[in-house]
Amino acid sequence: MAAHASAAVNEELNYLNWQKGIWSWLTSTDHKRICFLYLFAILFFFLAGGVAALMVRTELAFAGPQIITDPHTYNVLFTMHGVFMIFLFVVPGIPATLGNFLIPLMIGAKDVAFPRLNLFSWYVYMVGAAIGAVAMFNPVDTGWTFYAPYSTTTGTSVSLMVFAAFVLGFSSILTGLNFIVTIHQLRAPGMTWMRLPVFVWASYATAVIQTVATPVVGMTLLLIIAERWFGAGIFDPSKGGDPVLMEHLFWFYSHPVVYIMVLPAFGVVGEIIPVFSRKPLFGYKMVVISSMAIAAVGFIVWAHHMFVAGISDFSAKFFSIVTFLVAIPTAIKVFNWVSTMYKGSISFKTPMLYAMAFVFLFMVAGTTGIYLAMLGVDVYYHDTYFVVAHFHYTIQGGAVIGLIAALHFWFPKMTGKMYNETVSKFAFAALFIGFNLTFIPQFMLGMDGMPRRYYDYPAQYQTLHTISTIGAYLNGFGYTFALANLLWTALFGKVKAPRNPYNSHSLEWQTQSPPIHENFAEIPVVTEEPYSYGTPTGRGH
Amino acid sequence: MSAVAHPIVDHNVPAGEPPHIHHMDTVTAYGAAKLGMWLFLATEILLFAVMFCSFAIMRYYHLAEFHDASKHLNIWAGGFNTIVLLISSFTAAVAVTKAQKGDNAGVVKNFGISLVCGLIFLAVKGYEYSEKAHHGMFPFVWNSDFYHYKNFLGLYFCMSGLHALHVIIGMAILYWYGIRPAMRSRFSGKYYTPVELGALYWHLVDLIWIYLFPLLYLVG
Amino acid sequence: MLGLLGQQGSDFAHKVDYAHDVVTILSVICTVAIVGVMLYFAVIYRQRDGKDHETPRIEGNNTLEVIWTVFPTLVCIWVAWLGYDSFVALRTPPANAMEINVTGRKWAWDFTYKNGKKTTGELVVPVDEPVKLVMTAKDVLHSFFVPVMRTKADVIPGRYTYEWFRPIQTGDFQVFCTEYCGNEHSKMLARLKVLPKAEFERWLADDSEARKLASLKPSDRGKELYVSKQCVTCHSLDGSPRVGPSWLKLFGKEGKLADGSSYKVDENYIRQSILQPQAKVVQGYPAMGMPSYQGQLSDDDITGIIEFIKTVDGTQKVEVAPALPKKSAASRAGTTPAERGKALVNDSGNLCATCHSIDGSPMVGPSFKGLYGRKEKLADGTEVTVDDAYIKESIYKPAAKIVQGYGPVMPAMYEGKLSDQDVADIIEYIKTLK
């Protein structure tokens, strides 16, 4: 993509150093700085959620009580893990960090449409996080799903925690709304819809889901508070309410939310593979259409979480069939990514390794998802460790690996520095092996019928649990190592990154590294497709 | 590029001129603001959709209770409030036309009427609530005679309460983004975005009530 | 085919397993193929010597896109059909299925048979006969999962759900609760016992307590229930003090409640005290002393008890060791001593759980949790370590060594009812409750 950005700018002055002091960060409306505000916040909760996960895994390493002496503490820990990871880490995950950083750069804009709203969203997020932290004084033991009537009757501070989730949802809505408007209104001249990089398309689809689905769960959570405070009688059966209604409303958001998490990761992989294969993204249009199709179909499949929840058999059949519809666009994406590598000139930088790992992990996530869409098989697998393993492959193997891949890929642009490849590849190996070691045994536990959210289990399951726990530690080590490597480089690294280290064609690489405050000295004019790699006459190997 | 940040939205422009926005031109800014508001209204509708959905299902389960309980609502107060809100919506629409013509006094007057209507609405709502509380049909002071209406009344208070909150927010928006700048002759044919968006929000508040009123007071 | 899901216990299990195996084979093929192609491309199209080489500008291929849209669609339709087919089998109980009512509560499963027989924690069914479980919950959501039968359904308060299966082999099988329900979720287990048909019939008819009760006059029925429901544990007939008020000349009595208001024992007061024991507690008695019998006693049962209470004048005598089978079925179930001990503790005939919690919460007697090995001070001031001998003595001769702060209320009814082996099993169980 040819960009006519002027080179006559002061290369030393960039968005990181043009204003100094913590206050200039906390009041900055620059989308690139807000990216970092989010990044530090979400990684903090990634750490907290990860510690909770390791405690849970340690407890489960062997049958019988280990480090946690009472089931309540265990229940609190897995709830903490879920709430932190979902609401505070993965949902804001890629959109609020890299989405913020990249969308204006990729479409050739100076900032998002509503920069002040963007900063406000971060503060809303922090307020939500603070409320959640206060709720930790009497931590919630409901699981992240807040199912009634357990959530409406338990003595823990559910009201505070769901209110925190409501506030966080508000932040998510505002971010999504901002991105939609930005992509509609602020594209540079010549940046037509069909020239948008797939990451922007994926972020657009994500933003639509954020805007449309989040209000539903927000209201549902408020109704739980109403139920707890004055017995509104909507979800609690002892007051004439309907707990299954709560599940419906909850999953109406919480299924699409999976696509909020994973669609941006699809976008990331769609950016990385062409660059490191030196090939245009295979079937760009189909990749774009499939993103939008996933977002659309994602709204009508929610009740596949409820096949055994007491819904009618007719509903179960309907939701099973539409669920299979999601499999098709997802498969199309995978085929296109792999085909992109055909006759390429492939280099194996760390981001490419993550992208290829993503394809494998997502194949596992996707195919195991098929089991759960199949009615008869899901009845067996529902609420067993198979489901736990499946969604960790989707969310961790998909969204989190996508985030880590993206952080490595755009790191030179974000910080102007280059990390050590050897170290990052070593970290990649640790977390990839650790991840599979954690969750493949959990698939097998699910096959043996081991239910989830169990503080203790019959001895027959012990071996697999022990292996899983070992894997979890390796996985945690890998993440720590990968992120520490990036953090260390950002703070103390000496190797300067060039403007466009991967010789990429998309707009964000055409401005300096790190970019100036308003991204481009001069708004670029776009004249080419986003992935114009290779030559019409090129033959490859 | 200088090390001094310029404000994102700079209102230091001659009266009637659109504010200077550092990262987009005036036309884009107008389009962005309008699209943003429409999207926000969509999220608001989805917020209420949850309660409409819950209402439908609870009504299905507790038809008789809903039928009886709705008779305890003051249909005259509700009807009066409906008319009040319709008037306020009309004046809000008029205010937009006035702003487009650069008639800032007209904006103040018409938004002022909408604001007063909002206050009347809240007063009547407050009267209805206190009446309910007096009879023990209020969540915190259940009279056991009415406890079997809890499903209806629970939803009634959730829905009308959230709507009342939106009325209050709407009034704040009308004042802050409409009346206050209009008193400084801020609007003209070139620049009336805040008036239009404020009116849009106010129409939404009205629209939701148009659905709430028959559902809660009339259908039963 | 692959046997990934383990033993098949129901006649439709093979359908589920077939669907499961088909999708497993397809998944493995697809994953290996796609990842294989990716790795193949990665190897043969890799950059040599770190140098970029010329690549063709291939932007897509419509034929391929059509192929890989249509092909997965067809596979999905097939697989969806397999899942659908097995689901229909799972959800279509035959009309002649034997119905058993299941109630989930924190944290146990109660089963009620058509003849009134009730069990807790153990579902006994005949082999080769269809069984339909009609299920509801008392408090929060639960889910009844029998892995070996491949069936599961949520159990929801305020409505009924069902599941069914036709067992194809005898044996003991695990039942899990699979919907998170709070602290003891992971302990909310039950045992499914599939018996040969004749043995099942014997088992079902064996305890015809319910039918016998129905034929009795109300006061005799109440007397039977007084023993079988363990009222005897806490309420004496001769005026002697136990955990709860004695039933001697109880009816018509007046006095003060814990909150200072006055009460009079009439029919409604007794009924409420049985169903909501915490509502009106008489002064001087523990507030949480009695569990609710809601759902365990029918209206006729309660009437019977009321009538019995009216007759208590000090002349009644009851056989304290109840006429329950010396060794309940539960005591033989389970594979380890601790599991057998657990079954005995939960057995409705023994009712240990009425007065001893397993989660450390205080009830009438000391909680079993953390009990073993603890040093306790006795009422007479001496100290004792809770070991095998102490527990055995406490079970057979409860009054011998009573820990400070507890009353002499445990009935001496277990000698002869529980064998030495039973007691040893219970001790093993208590040891596991750390």
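Look up a bit, the structure's there.
Analysis parameters
- Residues numbered from 1 in each chain as written.
- Chains lettered and ligands numbered in written order.
- Predicted model: local features only at pLDDT ≥ 70, side-chain atom pairs only at ≥ 80, totals over all residues.
- Helix = DSSP H or I, 4+ residues; strand = E, 2+ residues; numbered from the N terminus.
- Buried ≥ 20, exposed ≤ 12 C-beta atoms within 10 Å, placed from the backbone.
- Core = buried A, V, L, I, M, F, W, Y, C linked by C-beta atoms within 7 Å.
- Contact = placed C-beta atoms within 7 Å.
- Expected span 1.5 Å × (residues − 1).
- Nonpolar A, V, L, I, M, F, W, Y, C, P; charged D, E, K, R; others polar.
- Pairing = 2+ DSSP bridges.
- Axes fitted to C-alpha atoms, helices over the stretch in contact; angles between N-to-C directions.
- Parallel < 35°, antiparallel > 145°, perpendicular 65-115°, else oblique.

A.B. asks: Looking at this structure, how should I read the overall build of chain C?
C.D. replies: Per the secondary structure count, chain C includes twelve helices and 14 strands. The buried share of chain C, taken over its 434 residues, is 34%.

A.B. asks: Just to check I follow, could you spell out unusual backbone geometry for this structure?
C.D. replies: Across residues other than glycine, the phi torsion is negative in most instances, and most of the peptide bonds are trans. Residue and element names in this part refer to chain A. Look at the link from A148 to P149: it is a cis peptide, with omega at 0°. Checked against the element boundaries, P149 lands in the loop between α5 (115-135) and α6 (150-153). Following S513, the chain continues into P514 via a peptide bond in cis, with omega recorded as -15°. Here P514 lies in the segment after α17 (462-492). In this structure, K343 takes a positive phi of about 55° despite not being glycine. Structurally, K343 is set in the loop between α12 (313-340) and α13 (350-373). A count of 23 C-beta atoms within 10 Å places K343 in the buried class. Although it is not a glycine, N503 adopts a positive phi angle of roughly 55°.

A.B. asks: I'm lost on the nonpolar core in this one. Help?
C.D. replies: Burial of nonpolar side chains together is a common tendency in soluble globular proteins. With 315 residues, the main nonpolar core has I272, A355, F358, V359, M374 and A405 of chain A together with L155 of chain B as its most contacted residues. Non-local contacts of A405 of chain A, meaning those with residues more than four positions away in its chain, are made with V268, I272, P351, Y354, A355 and F358 of chain A. Grouped together as the second largest cluster of nonpolar side chains are 15 residues, Y372, I395, L418 and Y429 of chain C included.

A.B. asks: How do you make sense of the arrangement of the chains when you look at a structure like this?
C.D. replies: Of all two pairs of chains in contact, the one with the most contacts involves chains A and C. Left apart from each other, chain B and chain C have a closest C-alpha approach of 12 Å.

A.B. asks: What am I meant to see in helix α4 (residues 104-134) of chain B here?
C.D. replies: An α-helical segment advances 3.6 residues per turn. Residues three or four places apart therefore align on the same side. Residues and elements named next belong to chain B. Over its 31 residues, α4 runs 44 Å from end to end, which matches the ideal 45 Å to within 8%, given 1.5 Å per residue. Considered for burial, the residues of α4 that qualify are N104, V107, V108, N110, F111, S114, L115, C117, G118, F121 and K132. Looking at the packing, one finds that the buried side of α4 touches α3 (75-100), α5 (150-183) and α6 (193-219). At the exit of α4 stands G136, carrying a positive phi of roughly 75°.

A.B. asks: Whenever I open this one, the interface of chain A and chain B confuses me. Can you help?
C.D. replies: Accessible area lost during the coming together of the parts is what is often quoted as the interface size. Contacts between chain A and chain B engage 41 residues on the former and 32 residues on the latter. For the side of chain A that touches chain B, the leading source of residues is helix α8 (residues 198-230) of chain A, giving ten residues. Its residues assigned to classes, the side of chain A that touches chain B shows 24 nonpolar, eleven polar and six charged.

A.B. asks: What exactly am I supposed to notice about the pairing of strand β8 (residues 161-165) of chain C here?
C.D. replies: Consecutive residues of a regular strand have side chains that alternate between opposite faces of the sheet. Residue and element names in this part refer to chain C. Of all the five residues making up β8, four are buried; the element is thus mostly covered by neighbouring parts of the structure. Pairing analysis gives five bridges linking strand β5 (residues 131-137) to β8, with the strands arranged antiparallel. Paired with L133 across the bridge in β8 is E163.

A.B. asks: I tried to follow the interface of chain A and chain C on my own but got confused; where do I start?
C.D. replies: The partner chain C presents 71 residues to the 77 residues of chain A that form the contact. Of all the secondary structure elements, the ones that give two or more residues to the side of chain A that touches chain C are α3 (71-90), α6, α9 (243-254), α11 (284-297), α12, α13 and α14 (375-381) of chain A. Looking at which element gives the most residues to the side of chain A that touches chain C, the answer is α12 of chain A, with 13 residues. The residue inventory of the side of chain A that touches chain C, partitioned by class, reads 46 nonpolar, 21 polar and ten charged.

A.B. asks: What am I meant to see in helix α4 (residues 93-107) of chain A here?
C.D. replies: For α4 of chain A, with 15 residues, the first-to-last C-alpha span of 21 Å sits near the 21 Å given by 1.5 Å per residue. Of all 15 residues in α4 of chain A, 15 are buried; the element is thus mostly enclosed.

A.B. asks: Looking at this structure, how should I read the pairing of strand β2 (residues 108-112) of chain C?
C.D. replies: Residue and element names in this part refer to chain C. Residues W109 and F111 point to one face of β2 and are all buried, whereas A108, D110 and T112, pointing to the other face, are not buried. Counting the residues between successive antiparallel strands, the hairpin from strand β1 (residues 98-105) to β2 contains two residues. Two strands pair when backbone bridges link them, and β2 and strand β3 (residues 118-120) are joined in this way by three bridges, in the antiparallel orientation. Residue pairing for β3: F111 is matched across the bridge by T119. The turn linking β2 back onto β3 is made up of five residues, and G116 within it adopts a positive phi angle of 95°.

A.B. asks: Hey, could you run me through the packing of α4 of chain A against helix α10 (residues 256-277) of chain A in this one?
C.D. replies: Two measures define how a pair of helices packs: the angle their axes make with one another and the distance between the axes. Residue and element names in this part refer to chain A. At a minimum axis distance of 8 Å, the contact between α4 and α10 shows a crossing angle of 40°. Between α4 and α10, the angle falls in the class oblique. Only M261, P264, A265 and V268 of α10 make contact with α4, whose side of the interface consists of G93, I94, P95 and G99. Among the residues making up the contact of α4 with α10, the classes are represented as six nonpolar, two polar and no charged.

A.B. asks: Quick question: what am I supposed to make of the sheet that holds strand β9 (residues 171-177) of chain C here?
C.D. replies: The strands that make up a sheet pair up through hydrogen bonds in the backbone, lying either parallel or antiparallel. All names here are of chain C. Taken in spatial order, the five strands of this open sheet run β4-β10-β9-β6-β7, and their pairing is mixed. A strand with exactly one partner marks an edge of an open sheet, and here the two such strands are β4 (122-126) and β7 (151-155). The average angle at which neighbouring strand axes cross in this sheet is 20°, direction not considered. Direction of pairing for strand β6 (residues 142-146) relative to β9: antiparallel, over a ladder of two bridges. For F144, the partnering residue across the bridge sits in β9 and is C177. Relative to β4, helix α3 (residues 197-206) is tilted by about 130°, and along the sheet it contacts β4 and β10 (190-195).

A.B. asks: I keep staring at the environment of P524 of chain A and nothing clicks. Help me out?
C.D. replies: Here P524 of chain A shows up in the segment after α17. Along the primary structure P524 of chain A and T511 of chain A are separated by 13 residues, whereas in three dimensions their C-alpha atoms are 9.6 Å apart.

A.B. asks: For this particular structure, what's the right way to read the environment of L275 of chain C?
C.D. replies: All names here are of chain C. For L275, the location among the structural elements is in helix α6 (residues 267-275). A tally of 15 C-beta atoms within 10 Å means that L275 is categorised as partly exposed. What L275 contacts, discounting residues up to four positions off in sequence, is S292, Y293 and Q294.

Interpretation in functional terms is not warranted from these geometric data alone.
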